[in-house]
Amino acid sequence: MLVVTGFDAALSGLLGLLIGSFLNVVIYRLPVMLEARWQAECAELSGKPASTGAHFNLMVPRSRCQSCSHTLSWFENIPVLSYVLLRGSCRHCRASVSLRYPTIELATGALFFWCGWRWGISATGLAWCGFAAALVAAAMIDWDTTLLPDDITLPLLWAGLIVAGLRVTDVLLLDALWGAVAGYLSLWLVYWGFKLVTGKKGMGFGDFKLFAALGAWFGWQALIPIILMASVIGAFVGIAMKMSSRLREGGYIPFGPFLAGAGLTAMLAGPRAILHTIGL
């Protein structure tokens, strides 16, 4: 029998703050790294020499102020605390630092805290912490760039199948497998149906992979509640943005953040609670 203590939750929450700080790096740098990779591949295919710019990945160069390029010291990178002590500004040039950075750290810390409270420091708790971190990163990258990187969605999909196979979660491997298949094919069919009728693309292939990953983590039975909640939230947000004239050029919003939000809701409350929340 698993015994969960407040220490488990507190330690998990602290880990979540640290991971949230790293996710801020991933959210900013991964799209830049992917673009550089695509440019190198295009150059290779066209027979042109690839650009040899500065080395750039998730580890180097060190984090710096986007206004003055001041390299941040360790004490300027403490999750949330540094933002509070520096009053949300750069120590060197006093430029304002976005509130989004500590918000992501706090959100990740809260999700990890909940996982630690629910499952303790265990394989199950760590698995769901990883799930939550991946969805936070994927949601923010998609919101910023309308891109759901394979570097996140595919490992998340395989991880869902692996934890089901190892019985780390309560989902049976067969349910996880069919959840992945049904998740991908359902949105794939919607995509092609919409394109045949309207001649437009209603979503990206990354949405198929993310929904397949959610199917792997929760099983095929959870797909309908998850897609319903994502659609309802997306509709409300879209209407609100349209009324406030905040829609992007072309009048679209990415669907990935709403899939991620529904996935996190399913983790926190369970798929059945989603149906109850939206009145079904």
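What counts, and at which threshold
Residues numbered from 1 in each chain as written. Predicted model: local features only at pLDDT ≥ 70, side-chain atom pairs only at ≥ 80, totals over all residues. Heavy atoms only, no water. Axes fitted to C-alpha atoms, helices over the stretch in contact; angles between N-to-C directions. Helix = DSSP H or I, 4+ residues; strand = E, 2+ residues; numbered from the N terminus. Parallel < 35°, antiparallel > 145°, perpendicular 65-115°, else oblique. Left-handed = near helix turned anticlockwise from the far one by under 90°. Contact = heavy atoms within 4.5 Å. Nonpolar A, V, L, I, M, F, W, Y, C, P; charged D, E, K, R; others polar. Core = buried A, V, L, I, M, F, W, Y, C linked by side-chain atoms within 4.5 Å. Buried < 20%, exposed > 50% of the residue type's maximum accessible area, 1.4 Å probe, protein only. Phe/Tyr/Trp six-rings, centres within 6.5 Å; stacked < 30°, edge-to-face > 60°. Salt bridge = Lys/Arg side-chain N within 4 Å of Asp/Glu carboxyl O. 1 Å grid on protein atoms, 1.4 Å probe; cavity = no way out; pocket = protein on both sides within 12 Å on 5 of 7 lines; lining within 4 Å. Points joined across faces, edges and corners; volume = space filled by probe spheres on them.

Q: How should I be thinking about the packing of helix α3 (residues 100–119) against helix α4 (residues 123–145) in this particular structure?
A: Each pair of packed helices can be described by the angle between their axes along with the distance between the axes. Put simply, α3 and α4 touch, their axes get as near as 9 Å, and they point 155° apart. On the basis of their axis angle, the class for α3 and α4 is roughly antiparallel. Here α3 and α4 pass one another in a crossing that is right-handed. Along its contact with α3, which presents Arg100, Ile104, Thr108, Leu111, Phe112, Cys115 and Trp119, the element α4 presents Thr124, Gly125, Trp128, Cys129, Ala132, Ala133, Val136, Met140 and Asp144. Here the contact of α3 with α4 is built from residues that sort into eleven nonpolar, three polar and two charged.

Q: Even after reading the chapter, I still don't get the nonpolar core, so can you show me in this structure?
A: When a protein is soluble and globular, its nonpolar side chains tend to lie buried together. Within the largest apolar cluster, 60 residues are counted, with the highest numbers of intra-cluster contacts made by Phe131, Phe218, Leu259 and Met267. Looking at this core, the elements with two or more residues in it are α1 (6–45), α3, α4, α5 (150–165), α6 (173–198), α7 (205–218), α8 (223–243) and α9 (256–269).

Q: So what exactly am I meant to see when it comes to the side chain of Ser82 here?
A: Here Ser82 is to be found in helix α2 (residues 81–85). Apart from the residues within four sequence positions on either side, Ser82 is in contact with Phe75, Glu76 and Asn77.

Q: Whenever I open this one, the packing of aromatic side chains confuses me. Can you help?
A: Where two aromatic rings form a pair, the distance of their centres and the angle of their planes describe that pair. In this structure the tally under the stated criterion is 14 aromatic pairs. Measuring from ring centre to ring centre gives 5.5 Å for Tyr184 and Phe208, while their planes differ by 85°; the resulting arrangement is edge-to-face. Placement of the pair is Tyr184 in helix α6 and Phe208 in helix α7, with a sequence separation of 24 residues. The class for Tyr184 is partly exposed, based on a relative accessible area of 28%. Taking 5.1 Å as the distance between ring centres and 90° as the angle between the ring planes, the aromatic pair formed by Tyr191 and Trp192 counts as edge-to-face.

Q: Honestly, the environment of Ala159 in this entry has me stumped. Any pointers?
A: Assignment of secondary structure puts Ala159 in helix α5. The sequence separation of Ala159 and Phe131 amounts to 28 residues, and the corresponding C-alpha distance is 8.6 Å.

Q: Honestly, the pattern of salt bridges in this entry has me stumped. Any pointers?
A: Between side chains of opposite charge, a pair can form as their charged atoms come close. Taken as a whole and judged by the stated rule, the model has four salt bridges. Across the salt bridge formed by Glu76 and Arg91, the nearest N and O atoms sit 3.4 Å from each other. Placement of Glu76 in the loop between α1 and α2 and of Arg91 in the loop between α2 and α3 is noted, with a sequence separation of 15 residues between them. Looking at Glu76, the relative accessible area reads 8%, which means it is buried. Among the residues examined, Arg91 registers a relative accessible area of 39% and is labelled partly exposed. With a closest N to O distance of 2.8 Å, Asp150 and Lys209 form a salt bridge. Placement of the pair is Asp150 in helix α5 and Lys209 in helix α7, with a sequence separation of 59 residues. Judged by its relative accessible area of 19%, Lys209 is buried.

Q: When you look at the layout of surface pockets in this model, what are you seeing that I'm missing?
A: Gaps between atoms show up when a probe of the same size as a water molecule is rolled over them. In this structure, the largest pocket occupies an estimated 1,000 Å³ of space. Lining the largest pocket are 39 residues, and of these Ser63, Arg64, Leu72, Asn77 and Tyr101 sit closest to its centre. Going through the elements one at a time, α1, α2 and α3 are the ones with two or more residues in the lining of the largest pocket. At seven residues, α1 tops the list of elements feeding residues into the lining of the largest pocket.

Q: Just to check I follow, could you spell out the environment of Ser73 for this structure?
A: By the element assignment, Ser73 lies in the loop between α1 and α2. Residue class for Ser73 comes out buried when judged on its relative accessible area of 19%. Along the chain, Ser73 and Ala127 lie 54 residues apart, while their C-alpha atoms are 31 Å from each other.

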